[in-house]
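# Inside the fold
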Amino acid sequence: MDSLEIIGGNRLVGTVPISGAKNAALPIMTAALLADGEHVFRNVPDLRDVHTMTRLLGRLGVQAVYRDGEVQMTSFGDIQPTAPYDLVKQMRASVLVLGPLVARCGRAMVSLPGGCAIGARPIDQHLKGLSAMGGRVELRHGYVEVTVPRGRLRGADITFDFPTHTGTENLMCAAVLAQGRTTLVNCAREPEVEELARVLNKMGARIEGAGTSVISIEGVESLHPVDHAIMPDRIEAGTFMVASAATEGDMLVDGIGFEPLEAVIAKLREAGAGIEREGGGIRVVGSRPIRPTDVITQPHPGFPTDMQAQLMMLMCLAKGTSRITETVFENRFMHVSELNRMGADIEINGRTAVVRGVDKLEGAEVMATDLRASASLVLAGLVAEGTTHVRRVYHLDRGYEQIEKKLAPLGARIKRVAGNA
Ligand code: UD1
């Protein structure tokens, strides 16, 4: 397994292009299950999760070929509605095939994603919705099996107990081919949900309200294939913005606007970073001192949980104490012990991390057990004194397109070392 070696201390200066969004690409790829023919998705990031999805869809009967940021997907209508454990266990987002499969085939068997490093992450809200639409849900031998006795789902009024991102996407996909109207209330409002709705509508679906908390979907008889370029990744962009703020850098984060990043921008400004629109991107200028700031993670448009670890790293270097409260996932502080090993002073108090700023971080051997935690350790390595080795880079490769190849031209001393655990 590869690791990253980082020698900290350099300012990051220059322009970084932002890739297509992982969390938009994954659900959009599953939409190919809903219509026969040839789909083309562009600006698809070259990530491990994307390749896992390609393999999973291949098993389900959709031929998918990834080449240079483009996925061509061909569905001949012979869909096998079983998503096996060996692929689902690699990526929780595999559960996104559930809604499209039930809509298309009237049944689906999807391995339960199981426990995950950042919390229990059940799928009860997805199942509650499918059952309200006429699906019979059973849990058997580690698989969730949904069958629709009358063959086609029917529209229903469904209120989520709380906004779930993939839950909203799954039910939206299920409802597009259902009979009648579905109204989803208390939906996730993430930009990726809106993007999925845009793609489904291009395919002939009739969805209104995506991006708000109430989505209504008028079911149609069939959909047609689509050609679509995936939106930019706001979390990758946010991660580079923190890198600039932390290294006293001057970076143009290119190819993304302010809108999906408002909450992150507000916090970085509070911390003292200069942030301006420039051309088709965002310029971020870091300076000292970094000011402490309190953060509470929330569903969009609140501060994203996927940026919590990175912002915490920045707060490690602030002049004063910050409080970071994680409300979305119950176990998402795995980076804390590793940051403390690098000289940070963070104490966990229930769902809140109390971060007392220190003068410097020190390079160390670290590893993390989830994607965004790993990103925070790379950021820490960029500012730390000495050398940092970030182990288990495969977590990073799930969500960042060759992060070292984007950081190095900005001035970072970072390289991938093959073969280390
Ligand atoms: C998605 C994102 C992930 C992000 C998260 C929160 C993708 C592929 N992943 O994950 O990067 O961190 O949103 O913004 O888009 N929950 C239940 N029951 C359910 C569904 C969710 O209890 O049926 C809980 C979860 O355990 C969690 C919370 O709801 O505590 C929010 O989860 P959810 O929004 O569903 O996250 P994901 O869609 O899995």
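All residue numbers refer to position in the chain's written sequence, counted from 1. Given that this is a predicted model, residues contribute local features only at a pLDDT of at least 70 and side-chain atom pairs are listed and counted only at 80 or more, while totals for whole chains, interfaces and linings are drawn from all residues. Hydrogens and water are ignored here; the side-chain numbers use all heavy atoms of the structure.

Moving on: the overall build of the chain. For helices the rule is a DSSP run of H or I covering at least 4 residues; for strands it is a run of E covering at least 2, with both sets numbered from the N terminus onward. For the chain, the helix and strand inventory stands at 14 helices and 24 strands. Based on C-alpha atoms, the radius of gyration is set beside the globule rule, defined as 2.2 Å times the residue count to the power 0.38. The C-alpha atoms of the chain give 21 Å as radius of gyration, which agrees with the globular expectation for 421 residues (22 Å, within 12%). The buried share of the chain, reckoned over its 421 residues, is 58%. Throughout, a contact is declared for two residues whenever any of their heavy atoms are within 4.5 Å. Across the chain, every contact between residues at least 6 apart in sequence was considered, and the portion connecting residues at least 24 apart equals 73%. Using a 1.4 Å probe, accessible areas were evaluated by the Shrake-Rupley method; residue-level cover was limited to the displayed protein chains. By element, 48% of the accessible surface of the chain is carried by carbon and sulfur atoms, the whole surface being about 15,700 Å². For each residue, the accessible area found with a 1.4 Å probe, counting protein chains only, is set against the maximum for its type, and the residue is called buried under 20%, exposed over 50%, and partly exposed in between.

Start and end positions for the domains come from either an automated domain assignment or a database one. Segmentation of the chain into domains returns domain 1 (3–19 + 232–417) and domain 2 (22–222). Relative to domain 2, the C-alpha centre of domain 1 lies at a distance of 31 Å. Two parts placed together each lose some accessible area under a 1.4 Å probe, and the buried area is that loss summed for both. Carbon and sulfur atoms supply 52% of the area buried between domain 1 and domain 2, which totals about 1,800 Å² over both sides. By salt bridge we mean one thing: a side-chain nitrogen of Lys or Arg within 4 Å of a carboxyl oxygen of Asp or Glu. The interface formed by domain 1 and domain 2 contains two salt bridges. Here Arg234 ties to Glu192 by a salt bridge, and the two come within 2.7 Å at their closest N and O atoms.

This part takes up the site of the ligand. Throughout, near means a residue has at least one heavy atom within 4 Å of the molecule or strand. The environment of the ligand is formed by 19 residues, the closest being Asp124, Thr164, Thr166, Asp306 and Val328. Gln125 places a polar main-chain atom, nitrogen or oxygen, 2.7 Å from an oxygen atom of the ligand. Pairs of N or O atoms are called polar contacts if they sit within 3.5 Å, as long as, within protein, a hydrogen donor faces a hydrogen acceptor (for residues adjacent in sequence, only side-chain-to-side-chain pairs). In the model, an oxygen atom of the ligand is placed 2.6 Å from a nitrogen or oxygen of the Asp306 side chain. Here the ligand, which alone exposes 740 Å², has 89% of that area covered by the protein. When residues of the shell around the ligand are traced back to their parent elements, those giving at least two are α5 (124–132) and α6 (165–175). Looking at which element gives the most residues to the shell around the ligand, the answer is α5, with three residues. The class makeup of the residues in the shell around the ligand is six nonpolar, seven polar and six charged. Gly counts as polar in this scheme, as do all residues outside two lists: the nonpolar Ala, Val, Leu, Ile, Met, Phe, Trp, Tyr, Cys and Pro, and the charged Asp, Glu, Lys and Arg.

With that settled, the discussion passes to the packing of aromatic side chains. The description of two aromatic rings rests on the distance between their centres and on the angle between their planes. Centres within 6.5 Å make a pair out of two Phe, Tyr or Trp rings, where for Trp the six-membered ring is used; the pair is then stacked when the planes are under 30 degrees apart, edge-to-face when over 60, and tilted otherwise. This model, assessed by the stated rule, comprises zero aromatic pairs. The ring of Phe258 carries the charged tip of Arg277 above its face, separated from the ring centre by 4.1 Å. Only when the NZ of Lys or the CZ of Arg is both within 6 Å of the ring centre and within 35 degrees of the ring normal is a charge said to sit over the ring.

With that settled, the discussion passes to helix α11 (residues 334–341). Within the sequence span of α11, burial applies to Met334, His335, Val336, Glu338 and Leu339. Its buried side turned inward, α11 meets α10 (308–315), β20 (345–349), β22 (365–367) and α12 (371–383). Gly343 occupies a position one or two residues after α11 and carries a positive phi of about 105 degrees.

Another aspect to go through is α10. Extensive coverage of α10 is indicated by the burial of eight of its eight residues. Among all positions of α10, only Gln308, Ala309, Gln310, Leu311, Met312, Met313, Leu314 and Met315 are buried.

Moving on to the pairing of strand β19 (residues 321–325). The criterion for strand pairing is that DSSP finds at least two bridges linking the strands in question. Pairing analysis gives two bridges linking strand β18 (residues 295–296) to β19, with the strands arranged parallel. Counted as the bridge partner of Val295 is Ile324 from β19. With the strands pointing away from the viewer, any crossover whose connection runs clockwise from the first strand over the helix to the second is right-handed. Between the parallel elements β18 and β19, the chain passes through α10 in a crossover that is right-handed. In this structure, β19 lies alongside strand β21 (residues 352–356), joined through five bridges in antiparallel fashion. Of the residues in β21, the one forming a bridge with Ser322 is Val355.

Pairing within the open sheet is mixed, and its four strands lie in the order β18-β19-β21-β20. Edge positions in the sheet fall to β18 and β20, since each has one partner strand and no second. Sheet analysis places β20 next to β21, joined by five bridges and oriented antiparallel. Across the sheet, Glu347 pairs through a bridge with Val354, a residue of β21.

Here an axis means a line fitted to C-alpha atoms, over the contact stretch when the element is a helix, while the angle between two N-to-C directions is reported on a 0 to 180 degree scale. Put simply, α5 and α6 touch, their axes get as near as 9 Å, and they point 20 degrees apart. As summarised for this structure, α5 and α6 are arranged roughly parallel, according to the angle between their axes. Both α5 and α6 take part in a crossing whose hand is right-handed. Note on element contacts: α6 touches α5 through Thr166, Gly167, Asn170, Leu171 and Ala174, opposite Gln125, His126, Gly129 and Leu130. Each angle receives one of four descriptions, namely roughly parallel if under 35 degrees, roughly antiparallel if over 145, roughly perpendicular if within 65 to 115, and oblique otherwise. With the far helix as reference, a near helix turned anticlockwise by less than a right angle produces a left-handed crossing, and one turned clockwise produces a right-handed crossing.

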